[in-house]
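# Descriptive analysis of the structure
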Amino acid sequence: MLWLDFLGGITLPISVNEKTQELEGNIRNSLVDGTAAEGRLETNDRIIARVTDGIYREPWSAFRELVSNAYDADATSVSIDCDYPFFNEVRISDDGIGMDSQTVADLLTNIGGSSKRTFRGKSLGTVNTSDPTESPSGRKLIGKIGIGLFAVAQLTNHFQIITKRKGNSERISATVKINTYRENAHTDEADETYASGTYKVVAEKTSDIDAHGTTIVLMNIQRAVREKLQSREIWDALDEQENEETFGLFDIVSKPNFHIGRVGANGELSIPSSLPWTATDSPKEKFQKLFDRTIELGRNSSDRTDLSHLDNYLKMVWRLSLGSPIKYLETHPFEFTGLTNFDFFELSNKPKGGASRIDLTGDQSIRTAMGLEAGTKDPLSEFTVFIDGVELFRPVKLSEVLQGSKNLPRPMFFAGKVETNFGDASADRSGGKLAFEAYLYWNSKIIPKESIGALIRVNGASGTLFDPDFLGYQIAEQTRKKQVTCEIFVLEGLDGALNIDRESYNTSHAHYLYIQKWLHNAFRQFATQHKKIGREVREIEIERISTDVTSKLTDIAGEVWERMRGDDIGLPTIETRPLNHGDSLPVKVGGNEISWDQPRIKERRIGRPDRIEAISIILDAYGILELLDDERRADLLFDIATIFEDDA
């Protein structure tokens, strides 16, 4: 057994005080010789302490980063065991390439200095030999700056890394303790070194040469994290409501329909779990039931969102599945074909352009028609994530059936793609090349509600949830905003706009601004088409109703004619001629001329000629028109027309 004696913090080759004194001396010397003092800016270790003190807002974000690390390590499967509902210890295991002693040493001595996207990573085997922005197998890397591993600081300050690389005869185990900023807040500022934590690493021989992968064991999960995942605040709020004398007046907390149970003060399970699946269901069936039953509850609730029916643990499972680079529950949106009950459109990239309809033939997909790549770039073709026996899938479902009002014939699907180098502007100004693909899907009701808005995925992963405001779209489209799901798949670029937590963006970055402007233009194109099709549908419906009413009036008039004149005399033919203002009214009924050339007829608009024609037949069937001369016959029909005018 070989011990690598890495104990304590990192000792700098030259102390902070010596560097400071040297720079101070150079600055003073510039008074004499005018030579500027030059050097490199360096980050104090306290910055790392603040970073590792928890840069992520929610526990699911930390799990997301660990999943992304496994993806970057060419894993095809990740398994998370949370030990719910107690959460005393969490294990994350993957079948990636693993690490050798050199890689582990580099990791522990270069926090925040990731070998990813660097040429150093080539020698360590953590990146592709021809492209440092890709994993060894050619995946576009998600991680960048080397703090993903320390996402665990959101969950615990004590963890273990067990890792092995294929072909090596040793397995390496590193136990790490991270010092939080709070623990070191009162350390003497004059200290030459500042320990972000300690580690102890051991390598041991193994006969399983072909084994590979990494397991991270999170020990002593922070109390606040355990209570969060146990939904302690929800259960306590329910207790308070039950004990309040005013119970019912301020009932704003509802018991989750599905939960992992309640852990009592003594650490025992006081309320059994209520899960949407059974223990005998397969991993995929479990997630399918979580999705289906959550959606069903959300559909039948007017005042609660879909996820409000879940406890915090199940919400974490849902959000982790949304942000991970995994498969969709049903199909990738770009795989819909001409057999799908969608209206397909291609989005224009021109500032004032309009979307154009796409007619897909048979089983031709929108991907094939437009040459879209998102969802096909993984050279390993597989990446699965399991959490406590549940296989995760992206919980995004684009239904072929209209979910709400039927004011349009079918859902609408808009797709677009962009590749730009910003007119050959320098990378310093533009951030480099930007390429992305996107879709906007409309339905009269979006299910689940959490899919309302726009979501940006960078290299297949996302640290954010759907943005219902569509990156600040200011046009008053409140109704349509609630009827659209949009995903933007960034194939190249935008990394520089991601903030350190990967949950927000530098909104002044050129790439973000470009995507924001493109999305707003795309939404405008969608709204224009939506309005256009809506008008066409309404006009067709009005015409259909008008035709149905005219047919019914003709039938009624025919029945009266047959009753009064018998079936041996045919229905009289009514000839019409247009008036000056565009209406058409009868000029001949049953062979009797009727003059409509009276001034008052020309001055009045008659709204329903078909109704007057039917009345003309009925009056003629009773022989009334035969008793009148042309002028009085015209007066009679005009007066009847006037009565019905307001009902036109």
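For the structure itself, consult the block above.
Residues numbered from 1 in each chain as written. Predicted model: local features only at pLDDT ≥ 70, side-chain atom pairs only at ≥ 80, totals over all residues. Heavy atoms only, no water.

## Description of the overall build of the protein chain
Scanning the protein chain from terminus to terminus reveals 16 helices and 20 strands. Put simply, the protein chain shows about 32500 Å² of open surface, and 49% of that area lies on carbon and sulfur atoms. (Helix = DSSP H or I, 4+ residues; strand = E, 2+ residues; numbered from the N terminus. Areas by Shrake-Rupley, 256 points an atom, 1.4 Å probe, with all protein chains shown as cover.)

## Comments concerning the packing of aromatic side chains
Counted by the stated rule, this structure contains 24 aromatic pairs. Taking the centre distance of 5.7 Å and the plane angle of 10° together, the rings of phenylalanine 291 and tryptophan 318 count as stacked. Note that phenylalanine 291 is positioned in helix α8 (residues 283-299) and tryptophan 318 in helix α9 (residues 312-323), a separation of 27 residues in sequence. Geometry around tyrosine 71 places arginine 139 over its ring, the cationic atom sitting 4.2 Å from the centre. (Phe/Tyr/Trp six-rings, centres within 6.5 Å; stacked < 30°, edge-to-face > 60°. Lys NZ or Arg CZ within 6 Å of the ring centre and 35° of its normal.)

## Things to note about the nonpolar core
Counting 61 residues, the largest nonpolar core has Ile80, Leu218, Tyr313, Ile387 and Leu392 as the members making the most contacts within it. Excluding residues within four positions of it along the chain, leucine 218 makes contact with Asn88, Glu89, Val90, Ile92, Val152, Leu155, Thr156, His158 and Phe159. Among the nonpolar cores identified, the runner-up in size contains 36 residues, and Val418, Phe470, Leu494 and Trp518 belong to it. (Core = buried A, V, L, I, M, F, W, Y, C linked by side-chain atoms within 4.5 Å. Buried < 20%, exposed > 50% of the residue type's maximum accessible area, 1.4 Å probe, protein only. Contact = heavy atoms within 4.5 Å.)

## Let's talk about the packing of helix α3 (residues 59-72) against α9
Interaxial distance between α3 and α9 falls to 9 Å at its minimum, and their mutual angle equals 40°. With respect to their mutual orientation, α3 and α9 come out oblique. Crossing handedness for the pair α3 and α9: right-handed. Packed against α3, whose contacting residues are Trp60, Phe63, Arg64 and Val67, the element α9 presents Met316, Arg319 and Leu320 at the interface. Looking at the contact of α3 with α9 residue by residue, the classes come out as five nonpolar, no polar and two charged. (Axes fitted to C-alpha atoms, helices over the stretch in contact; angles between N-to-C directions. Parallel < 35°, antiparallel > 145°, perpendicular 65-115°, else oblique. Left-handed = near helix turned anticlockwise from the far one by under 90°. Nonpolar A, V, L, I, M, F, W, Y, C, P; charged D, E, K, R; others polar.)

## So, the pairing of strand β16 (residues 453-458)
Burial runs high along β16: six of the six residues are buried. Side chains of β16 alternate between two faces, with Gly453, Leu455 and Arg457 and Ala454, Ile456 and Val458 buried alike. Both β16 and strand β17 (residues 484-492) contribute to a ladder of six bridges, which runs parallel. Along β17, the bridge assignment pairs alanine 454 with cysteine 486. (Pairing = 2+ DSSP bridges.)

## Focus on empty space enclosed by the protein
Tallying each qualifying case throughout the model produces four cavities of 30 Å³ or more. The calculated volume of the largest cavity comes to roughly 80 Å³. Among the elements of the structure, α3 and β16 are those that each provide at least two residues to the lining of the largest cavity. For the second largest cavity, the full set of lining residues is Tyr328, Glu330, Thr331, Pro333, Phe336, Val396, Lys397 and Leu398. Across the lining of the second largest cavity, the residue classes tally to five nonpolar, one polar and two charged. (1 Å grid on protein atoms, 1.4 Å probe; cavity = no way out; pocket = protein on both sides within 12 Å on 5 of 7 lines; lining within 4 Å. Points joined across faces, edges and corners; volume = space filled by probe spheres on them.)

## A look at the sheet that holds strand β15 (residues 434-442)
Sheet architecture is open: six strands sit in the order β11-β10-β14-β15-β17-β16, paired in mixed fashion. The open sheet has two edge strands with one neighbour each: β11 (356-358) and β16. Each adjacent strand pair in this sheet contributes to an overall mean axis angle of 25°, direction not counted. Across three bridges, strand β10 (residues 343-346) lies against β11 in antiparallel orientation.

## A short note on unusual backbone geometry
Omega for the peptide link from tyrosine 84 to proline 85 comes to 5°, which places this bond in the cis form. Tracing the chain through its elements places proline 85 in the loop between β2 (77-81) and β3 (89-94). Residue proline 448 follows isoleucine 447 across a cis peptide bond; omega there is 0°. Its identity is not glycine, yet aspartate 74 carries a phi of approximately 65°, on the positive side.

## A closer look at the pairing of strand β4 (residues 158-164)
Counting buried positions over the seven residues of β4 gives five, a clear majority of the element. Two elements, β4 and strand β5 (residues 170-178), share six bridges in a ladder whose sense is antiparallel. Paired with isoleucine 162 across the bridge in β5 is serine 173. The antiparallel pairing of β4 with β5 creates a hairpin that spans five residues between the two strands, and glycine 167 there sits at a positive phi of about 95°. As defined by bridge partners, β4 adjoins strand β7 (residues 213-219) across seven bridges and the pair is classed as antiparallel. Bridging from a neighbouring strand, phenylalanine 159 pairs with leucine 218 of β7.

## Details of the side chain of serine 68
Within the element layout of this structure, serine 68 appears in helix α3. Setting aside residues up to four positions removed in sequence, serine 68 forms contacts with Ile142 and Ala461.

## Remarks on the environment of alanine 224
Along the polypeptide, alanine 224 turns up in helix α6 (residues 223-229). Residue classification places alanine 224 among the exposed positions, given a relative accessible area of 56%. Considering only alpha carbons, one finds alanine 224 and leucine 155, 69 residues apart in sequence, at a separation of 8.8 Å.

## Here we look at the packing of α8 against α9
Across the interface, α8 lies against α9 with an axial gap of 12 Å and an inter-helix angle of 110°. Between α8 and α9, the interaxial angle falls into the category roughly perpendicular. Residues Phe287, Leu290, Phe291, Thr294 and Ile295 of α8 touch α9, and the partners they reach there are Val317, Trp318 and Ser321.

## Focus on the pattern of salt bridges
Pairs can form between side chains of opposite charge whenever their charged atoms are close. All chains considered together, the criterion is met by 21 salt bridges. Between glutamate 227 and arginine 223 there is a salt bridge whose closest N-O contact spans 3.0 Å. Of this pair, glutamate 227 and arginine 223 are both found in helix α6, four residues apart, which corresponds to roughly one turn of the helix. Since its relative accessible area comes to 22%, glutamate 227 is described here as partly exposed. Glutamate 330 is the partner of lysine 397 in a salt bridge, and the nearest nitrogen-oxygen pair spans 3.7 Å. A residue pair is termed long-range when its members are at least 10 positions apart, and lysine 397 in the loop between β13 (390-391) and β14 (412-420) and glutamate 330 in the loop between α9 and β10 qualify at 67 residues. Connected via shared salt-bridge partners are Arg64, Glu65 and Glu503. (Salt bridge = Lys/Arg side-chain N within 4 Å of Asp/Glu carboxyl O.)

## Here's the deal with the environment of histidine 158
With respect to the secondary-structure elements, histidine 158 resides in strand β4. Among the residues examined, histidine 158 registers a relative accessible area of 19% and is labelled buried. For the pair histidine 158 and methionine 219, spaced 61 residues apart in sequence, the C-alpha to C-alpha distance is 5.6 Å. In this structure histidine 158 touches Thr175, Val176, Lys177, Val217, Leu218, Met219 and Asn220, once residues within four positions along its chain are discounted.

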